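# Chain and residue survey
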Amino acid sequence: MEDLDNRLAARRAQGLYRERQILRSPQGVQVQIGDDRLLAFCSNDYLGLASDPRVIEAFRAGARTHGVGAGASHLLSGHSIAHHALEEELAEFVGAPRALLFSTGYMANLGVVAALADRHGTVLEDKLNHASLIDAARLSRATVRRYPHANLHRLSGLLSEAKRGTRLIASDAVFSMDGDVAPIPELLTLAGRHRAWLLLDDAHGLGVLGPQGRGTLARYGVAVVEPVILMGTLGKALGVFGAFVAGSEALIETLIQQARTYIYTTALPPAVAEALRVSLQLVRAEDERRERLHALIARFRTGARELGLRVVDSTTPIQPVILGDVEAALAASRMLRERGLWVPAIRPPTVPENTARLRITFSARHEPAHVDRLLEALALLPRRP
Ligand SMILES: *Cc1c(COP(=O)(O)O)cnc(C)c1O
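First things first, this report covers the structure right here in the doc.

### Remarks on the site of the ligand
Close to the ligand lie T104, G105, Y106, H130, S132, D172, S176, D201, A203, H204, T233 and K236. Here H130 contributes a side-chain N or O atom positioned 3.4 Å from a nitrogen atom of the ligand. Residue K236 places a side-chain N or O atom 2.6 Å away from an oxygen atom belonging to the ligand. Computed on the free molecule, the ligand has an accessible area of 380 Å², of which 82% lies beneath the protein chains in the complex. Grouping the constituent residues of the shell around the ligand by class yields two nonpolar, seven polar and three charged.

As structure tokens, then:
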């Protein structure tokens, strides 16, 4: 117990202690924490659907129709008509033969990788992949090889070395802390050449990129057929909760038989699935949300460049400002907070050493004036020498 206290104290001393903020309002652009009303640039609710009245109404109606809890796992008795309809609609949306719901994106990634790769296989991971993809590879007991961010040459070399067993390349489609997009066509070429699976995690692209928000793969015209496996999350741009894996008929049947994080857990509440069905319709139908979002992103990038801020090459709603050391990132976040702006500091180990940053995210519900307020405050950051 004393050891835990020491470890916590050491974390605090390094500026790495994490604390939760207690939200008193619904998720949105204006939020309340304690007595403070803040303009928030930190949720992944990119389209502003988390508190959309039509999605809320679908959730309420779903609870009245199906009850609250699913009551069991999908394979036991928890797979309702609402889940089934949502799976069919998701598959159609992303252009895949089939889709399978998981309770979270974290669990979906664990389930897929462990179902496909065993200790004879090799999982190849971009160094900036989300923690759930990294943990998935570890859980599978396959050999894990990490390649430098988006470095296709290194990936190709590692694939050549992996001669035995299943090969699986795993990559964020949009990188969660940098907002840049993976080189998807090139990854697909390498996967084809080395007969490897390609698992793409589109947590941040689905709903935001591609025609009708069909995601990063759709933007590149990459079909969700073997060797491609798509993982999409439903708690970000879709504004609700949950995740799915899309791919071939044989892949989905394999996951139903073997993915432990699918089999041994309670199904999502069916009312969540009903809320998602309405949210999915809004995502496809309301292009204006994406247009607004992309206009806000462009406005921010122009302003940030004029200020000489160190922005990343990202055209997605994730717009980090890299500050380097932990103290600088924390001080910047505090300074913004004093001005009524909520922008979190992201520190190692979530990001590599010396790349502590402000992670700014935009929502279609922001106004151009909100972006300007943010830029005015960022202008006050100390200049780099
Ligand atoms: C958020 C996220 C996940 C996890 O999804 P949850 O549904 O929140 O568990 C997985 N991958 C990436 C890249 C993410 O950003």
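### Some words on unusual backbone geometry
In the segment running from E226 into P227, the intervening peptide bond is cis, with an omega of 10°. Turning to its location among the elements, P227 is positioned in the loop between α9 (216-219) and β8 (228-233). Of note in the backbone geometry, A150 takes a positive phi value of approximately 60° without being a glycine. By secondary structure assignment, the location of A150 is in the loop between β5 (143-147) and α7 (152-161). A relative accessible area of 33% places A150 in the partly exposed class.

### Considering helix α15 (residues 368-378)
Turning to α15, its buried residues are H370, V371, L374, L375, A377 and L378. With its buried residues spanning 160° around the axis, α15 presents them on a single face. The exposed residues of α15 that point more than 90 degrees off its buried face are A369 and E376. In this structure, the buried side of α15 is in contact with β1 (30-33), β2 (36-40), α13 (287-307), α14 (326-338), β11 (341-342) and β13 (356-361).

### Observations regarding α13
Each turn of an α-helix holds 3.6 residues, which means side chains three or four residues apart point in the same direction. Taking 1.5 Å per residue as the helical rise, α13 with its 21 residues ought to reach 30 Å, and the 31 Å between its terminal C-alpha atoms agrees with that figure. Every buried residue of α13 is accounted for by R289, R290, L293, L296, I297, F300, R301, G303 and A304. Each element contacted by the buried residues of α13 is listed here: α2 (53-66), α12 (270-285), β10 (318-324), β13 and α15. Remark: G308 follows α13 within two positions and exhibits a positive phi of approximately 75°.

### What to know about the packing of helix α5 (residues 105-116) against helix α6 (residues 131-140)
The contact between α5 and α6 brings their axes to 8 Å, and the two run at 35°. Where α5 crosses over α6, the handedness of that crossing is right-handed. Along the contact surface, α5 presents Y106, N109, L110, V113 and A114, while α6 presents S132, L133, D135, A136, A137, L139 and S140. Of the residues belonging to the contact of α5 with α6, the class tally is eight nonpolar, three polar and one charged.

### Remarks on the pairing of β13
Of all six residues in β13, six are buried, a share of seventy percent or more. In the sheet, β10 pairs with β13 via six bridges, with the strands oriented antiparallel. What sits directly across from I318, in β13, is T361. Where strand β12 (residues 345-346) meets β13, two bridges bridge the pair, whose relative direction is antiparallel. From the neighbouring strand, I346 faces β13, where its bridge partner is R357.

### A word on the nonpolar core
Counting residues in each nonpolar core, the largest one holds 77 residues, and the members touching the most others are I169, F244, F300, I360, F362, L374 and L378. For this core, the element with the highest residue contribution is α12, accounting for seven residues. Non-local contacts of L374, meaning those with residues more than four positions away in its chain, are made with F41, F300, L341, V343, I360 and F362. Counting residues in hydrophobic clusters, the runner-up holds 28 residues, among them L100, A117, L133 and A142.

### Here we look at the sheet that holds β2
Strand order in the open sheet made by the three strands is β1-β2-β11, with mixed pairing throughout. Unpaired on one side and paired on the other, β1 and β11 mark the two borders of the sheet. Sheet analysis places β1 next to β2, joined by four bridges and oriented antiparallel. Its bridge partner lying in β2, I33 is registered against D36.

The rules behind each value
Residues numbered from 1 in each chain as written. Predicted model: local features only at pLDDT ≥ 70, side-chain atom pairs only at ≥ 80, totals over all residues. Heavy atoms only, no water. Near = heavy atom within 4 Å. Polar contact = N/O pair within 3.5 Å; in protein donor to acceptor, adjacent residues only side chain to side chain. Areas by Shrake-Rupley, 256 points an atom, 1.4 Å probe, with all protein chains shown as cover. Nonpolar A, V, L, I, M, F, W, Y, C, P; charged D, E, K, R; others polar. Helix = DSSP H or I, 4+ residues; strand = E, 2+ residues; numbered from the N terminus. Buried < 20%, exposed > 50% of the residue type's maximum accessible area, 1.4 Å probe, protein only. Arc of directions from axis to C-beta. Contact = heavy atoms within 4.5 Å. Expected span 1.5 Å × (residues − 1). Axes fitted to C-alpha atoms, helices over the stretch in contact; angles between N-to-C directions. Left-handed = near helix turned anticlockwise from the far one by under 90°. Pairing = 2+ DSSP bridges. Core = buried A, V, L, I, M, F, W, Y, C linked by side-chain atoms within 4.5 Å.

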